[in-house]
Amino acid sequence: MNKKIIIRTLEKIALYMELQAENPFKVSAFRKAAAALEADERSLSEIDDITAIKGIGKGTAAVILELMETGVSSTLKELEKMVPKGLIPLMKLPGLGGKKLAKLYQELNIVDTDSLKAACEAGRVRELAGFAAKTEEKILKELETFGSRKERLPIWQLEPAVLEINELLASLPEVEKFSVAGSFRRVAETSKDIDFIVATSDYEIVREAILTRLVILETIAAGDTKVSVILDRDEPVSVDFRLVKSEEYATALHHFTGSKDHNVRMRQLAKSMGKKISEYGVEQEDGSIVTFETEEQFFAHFDLPFIPPTVRESGKELDRLDELDHLVNLEDIVSDLHMHTTWSDGAHSVSEMGQALIAKGYTHAVITDHSQYLKVANGLTPERLQQQKLDIYAFNETNPDFCLYHGTEMDILPDGTLDFDDEVLKELDFVIASIHSSFTQSQDKIMARLKTAVEHPYVHMIAHPTGRIVGERGGYEPDVPLLIEWAAQHGKILELNANPYRLDLCIEHLQLAMEHNVPIAINTDAHAIDQLRFMEIGVKYAQKAWLKKELIVNTWSKEQFEAFITKNK
DNA sequence: GCCGTTTTCGGCCCGACTGTTTTCAGTCG
């Protein structure tokens with residue numbers, strides 16, 4: 001029996017129970033059991049006493065054991081008999097939860113979207129106690145777009161919306177402090193919505209600014225302290241604003257940054273100390289409320305160091321406090337090793353990129369334009385590469401405190417050969433190899449291509465090793481664990497591409513790379529100056545994998561970096 | 001249904017908003 005199937009079954013049981021209007025604590029007990037099983041790293045066969053896991057007791061263990069022995073759950077089967085399947089997806093309809101759906105089913109025999117729509121249109125829903133005309137209208141309206149709207153949006157689709165809101169809030173004098181919160185702040189690959197915490201003493205003006213100055217498709221809620229809207233963008237984006245007093249800001253930001261599991265763990269810790277955490281402060285044993293200037297102070301109140309949002313996930317981060325010092329921060333980054341200029345498909349010149357990098361406070365960087373094979377990107381021939389070198393050296397001469405290295409992002413061709421000869425490569429300071437073509441080749445062929453590159457003495461790094469696009473496509477699906485092994489053998493760098501479209505390597509692979517001591521470069525792959533900002537996303541993503549900063553090439557000094565790039569020359 | 005040095009019953013994180021009510025239930029995060 002597959003552990004995943006057991007987890008899903010427990011979750012399904014919870015869902016069905018919810019639709020039976022079962023005791024909510026019982027429902028959450030099944031969800032907690034599923035989560036506990038998922039959080040346990042052991043495989044099923046390695047667990048001898050399942051009830052020893054916190055959150056799994058007699059009842060849920062019985063379900064698990066039955067599944068392991070027979071492959072089915074009689075509990076779920078019973079529930080399926082009592083609850084029509086068509087009701088399950090309706091749980092996702094905003095405004096409808098288990099209790100309301102149970103009522104609709106019991107009183108009006110509503111079993112799916114069609115019967116729900118019919119009942120609304122016939123005006124029968126409004127006759128139920130607890131429902132009225134407004135609810136009926138709302139359900140009908142939601143049914144129109146039901147199923148067509150994406151449930152989660154990838155980070156690259158949300159980021160521009162976050163920037164736009166940042167700009168609006170920064171422009172309001174009534175706003176004292178603000179920050180994005182939620183899973184976006186934790187740099188999740190996808191998020192259901194965007195959360196913002198805004199400190200102000202002038203709720204009304206801020207609320208009006210939000211409602212009038214953003215392009216809004218729909219206003220879900222507009223209360224005193226909470227404003228919920230759907231922005232009118234290519235994909236509609238849900239945004240929640242929490243308006244709080246300045247002194248509540250730190251606790252509110254912590255609360256709405258989550259994750260849920262992190263908050264639960266924090267609240268349990270608080271409780272064990274006789275305190276109570278709410279989004280507005282920490283209630284002490286004597287009933288007084290303590291508030292904080294910053295999240296740092298909030299954590300310090302519980303004798304904890306600052307835990308970065310990115311690692312606030314399972315709650316287990318509270319058991320890894322001694323590793324926090326090794327996490328990389330944006331201040332540790334002194335270089336960016338992958339970017340493009342007008343020589344290929346970039347928007348800015350060598351000199352413009354160089355100035356922008358200096359403004360970032362970096363000590364060095366590498367210009368890595370595309371190679372000749374990539375004609376759509378105006379890839380460089382060996383001749384143009386020669387000319388570019390002069391351009392880069394000229395920049396260095398006028399900016400002696402900074403070093404711009406001359407590199408390339410060379411294509412690994414579909415036939416497995418490299419786009420430049422050794423004579424060309426050995427003249428370059430830094431050589432990136434990457435795949436931009438024939439994604440659909442077999443894994444063997446893809447791996448053979450990567451192997452050529454990894455083994456080549458002049459290649460320093462493999463860029464965006466999977467070619468995935470977050471939330472869109474999987475990429476060329478290489479055997480990443482094998483690639484990591486090769487990189488370890490040959491002393492090559494693997495890239496964490498900081499562009500939110502890409503973010504490969506993914507967290508799981510970054511962890512594996514760290515176990516093998518493979519150096520990781522966090523690079524923006526910028527095609528324009530403003531994309532240099534992606535470094536922050538990359539750094540935070542690396543934190544999520546608990547990547548040690550010592551292993552991150554961009555934290556190395558110029559001397560360390562030079563020692564690395566010259567070792568095979 | 002799960003848990004427990006406040007321990008075998010009673011609480012389970014906590015609070016805002018909406019829509020229904022006329023003091024609150026349900027939903028949501």
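Quick notes on the rules
- Residues numbered from 1 in each chain as written.
- Chains lettered and ligands numbered in written order.
- Predicted model: local features only at pLDDT ≥ 70, side-chain atom pairs only at ≥ 80, totals over all residues.
- Heavy atoms only, no water.
- Helix = DSSP H or I, 4+ residues; strand = E, 2+ residues; numbered from the N terminus.
- Rg over C-alpha atoms; globule rule 2.2 N^0.38 Å.
- Buried < 20%, exposed > 50% of the residue type's maximum accessible area, 1.4 Å probe, protein only.
- Contact = heavy atoms within 4.5 Å.
- Areas by Shrake-Rupley, 256 points an atom, 1.4 Å probe, with all protein chains shown as cover.
- Lys, Arg positive; Asp, Glu negative; His and termini not counted.
- Charge placed at Lys NZ, Arg CZ, Asp CG, Glu CD.
- Pairing = 2+ DSSP bridges.
- Right-handed = clockwise from strand over helix to strand, strands pointing away.

Student: Break down the overall build of chain A for me, citing the residues and quoting the values.
Tutor: Helices and strands together make up the secondary structure of chain A, namely 22 helices and 17 strands. The C-alpha radius of gyration computed for chain A amounts to 27 Å, which stays within 12% of the reference 25 Å derived for 569 residues, consistent with globular compactness. With 569 residues in all, chain A has 50% of them scored as buried. Taking the contacts inside chain A whose residues are at least 6 apart along the sequence as the reference set, 67% of them involve residues at least 24 apart. Total accessible area on chain A stands at roughly 26000 Å², and carbon and sulfur atoms take up 50% of it. Side chains of chain A give 65 positive and 92 negative charges; the mean places of these two sets differ by 6 Å.

Student: Summarise the pairing of strand β12 (residues 364-370); cite the residues concerned and give the values.
Tutor: Burial within β12 is extensive, with seven of its seven residues counted as buried. Sheet topology note: the strand β11 (residues 335-336)/β12 ladder contains two bridges and is parallel. Across the sheet, the residue bridging to serine 335 is histidine 364, located in β12. As a crossover connection, the stretch from β11 through helix α15 (residues 350-359) into β12 is right-handed. Sheet topology note: the β12/strand β13 (residues 403-411) ladder contains seven bridges and is parallel. Bridge pairing in β13 places histidine 370 opposite glutamate 409. After leaving β12, the chain enters helix α16 (residues 382-398) and then returns to the sheet as β13, a path that is right-handed.

Student: I'd like a rundown of the sheet that holds strand β10 (residues 289-290), residues and numbers included.
Tutor: Sheets are built from strands that pair by backbone hydrogen bonding, the pairs being arranged parallel or antiparallel. Across the sheet, which stays open at both edges, the three strands sit in the order β8-β9-β10 with antiparallel pairing between neighbours. Strands at the two margins of the open sheet, each flanked by one partner only, are β8 (276-278) and β10. As judged from the three bridges shared by β8 and strand β9 (residues 281-283), these two strands associate in the antiparallel manner. Each bridged residue has a counterpart across the sheet, and for lysine 276 the counterpart in β9 is glutamate 283.

Student: I'd like to hear about the side chain of asparagine 499, residue by residue, with values.
Tutor: The topology assignment puts asparagine 499 in the loop between β16 (493-497) and α20 (507-515). For asparagine 499, a relative accessible area of 11% puts it in the buried group. Filtering out sequence-adjacent residues up to four positions away, asparagine 499 remains in contact with Asn523, Thr524 and Phe534.

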